[in-house]
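Take a look at the letters that make up each chain.
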Amino acid sequence: MNGIEIAKKLNISTSALRHYESWGIVPKVERAANGYRIYTKEHEAYFQCIRALIPGFGMEFVREVMPRIIKGDKLEVLWLMNKAQVDLHFEKETLQKTVEMLDLKQLANIPKYSNKDFFTIGEVAKIANTSASSIRHWEKEGLIKPKRQNGNGFRIYSSSDIRKVLIIRAVQRVAYSLDIVREVLSELDKNNMFQA
């Protein structure tokens, strides 16, 4: 079986097959006397598995689990897949929460949700499913500006701050650049999207 046949079946390029081989995520490919790769049905199954995993889990996950599959560490792969599914579930919940917050009808829901006007950094981190250190970093970058408690100087976050944290987290997941996050926040500020 040659690479062109497999690539055509999977609707990808032969160079993609070579990348997967160089990354060590398919079993070793033997070469014929003329130097051409000799792909087997097993290789085709690995390529199909890779293509099936990418849309749901991403290439980083694929590169982590496929070498383990080759080694026969099936139980470890099942645990990794389970963890990835849990992570994806939390990600979906957080993104859904962010989308709801962007709906004008939902803007006042955070205070009602917890019967309070201000939140600690730990509470915000839990609501947004992120780390306190990420929130501090975004503050240092000037993306959010929480108030400080009189006396002890601890940060206190309003429902408006929580909306910003959720949006920063969601936008950064897809855009990576804090400059793009700044643009999104600026546009939302212009439209008074953070007012309770």
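Above this note sits the structure.
Here's what I pulled together on the structure shown here. Quick caveat: nothing in here was measured; it's all calculated off a predicted structure.

## Comments concerning the overall build of the chain
Inference 1: The helix and strand tally for the chain stands at 10 helices and four strands.
Inference 2: Ordered by position from N to C terminus, the α and β elements of the chain give α-α-β-β-α-α-α-α-α-α-β-β-α-α.
Inference 3: Buried residues in the chain amount to 34% of all 196 residues.
Inference 4: In the chain, 54% of the contacts between residues at least 6 apart in sequence involve partners at least 24 apart.
Inference 5: With the model as given, the accessible surface of the chain reaches about 12,300 Å², and the carbon-plus-sulfur share is 54%.

## Observations concerning the nonpolar core
Inference 1: Membership of the largest hydrophobic core comes to 22 residues, with the highest contact counts inside it found for Ile-12, Leu-17, Tyr-20, Phe-47, Ile-50, Val-65 and Met-66.
Inference 2: Elements with a minimum of two residues in this core: helix 1 (3–10), helix 2 (14–22), helix 3 (41–57), helix 4 (59–71) and helix 5 (74–102).
Inference 3: Residue contacts for Tyr-20: discarding those within four places in its chain leaves Ile-12, Ile-25, Val-26, Phe-47, Ile-50, Arg-51, Ile-54 and Met-59.
Inference 4: Formed by 15 residues, the second largest nonpolar core is a distinct cluster that contains Phe-119, Val-124, Ala-128 and Ile-144.

## Considering a nonpolar patch on the surface
Inference 1: A grouping of Leu-75, Leu-78 and Trp-79 is seen on the molecular surface, where their side chains present a nonpolar patch of about 400 Å² in accessible area.
Inference 2: Here Leu-75 lies in helix 5.

## Some points on helix 8 (residues 132–140)
Inference 1: Here helix 8 has its buried residues at Ile-135, Trp-138 and Glu-139. The buried residues of helix 8 occupy an angular sector of 105° when projected down its axis, which confines them to one face.
Inference 2: Downstream of helix 8 by one or two residues, Gly-142 has phi in the positive range, about 80°.

## Remarks on helix 4
Inference 1: The terminal C-alpha atoms of helix 4, which comprises 13 residues, lie 19 Å apart, in line with the 18 Å expected from a rise of 1.5 Å per residue.
Inference 2: When helix 4 is considered as a whole, its buried residues turn out to be Phe-61, Val-62, Val-65 and Met-66.
Inference 3: Looking at the residues trailing helix 4, positive phi occurs at Gly-72, about 90°.

Parameters at a glance
- Residues numbered from 1 in each chain as written.
- Predicted model: local features only at pLDDT ≥ 70, side-chain atom pairs only at ≥ 80, totals over all residues.
- Heavy atoms only, no water.
- Helix = DSSP H or I, 4+ residues; strand = E, 2+ residues; numbered from the N terminus.
- Buried < 20%, exposed > 50% of the residue type's maximum accessible area, 1.4 Å probe, protein only.
- Contact = heavy atoms within 4.5 Å.
- Areas by Shrake-Rupley, 256 points an atom, 1.4 Å probe, with all protein chains shown as cover.
- Core = buried A, V, L, I, M, F, W, Y, C linked by side-chain atoms within 4.5 Å.
- Patch = residues over 30% accessible without salt bridge, like charges linked within 9 Å, V, L, I, M, F, W, Y side chains within 5 Å.
- Salt bridge = Lys/Arg side-chain N within 4 Å of Asp/Glu carboxyl O.
- Arc of directions from axis to C-beta.
- Expected span 1.5 Å × (residues − 1).

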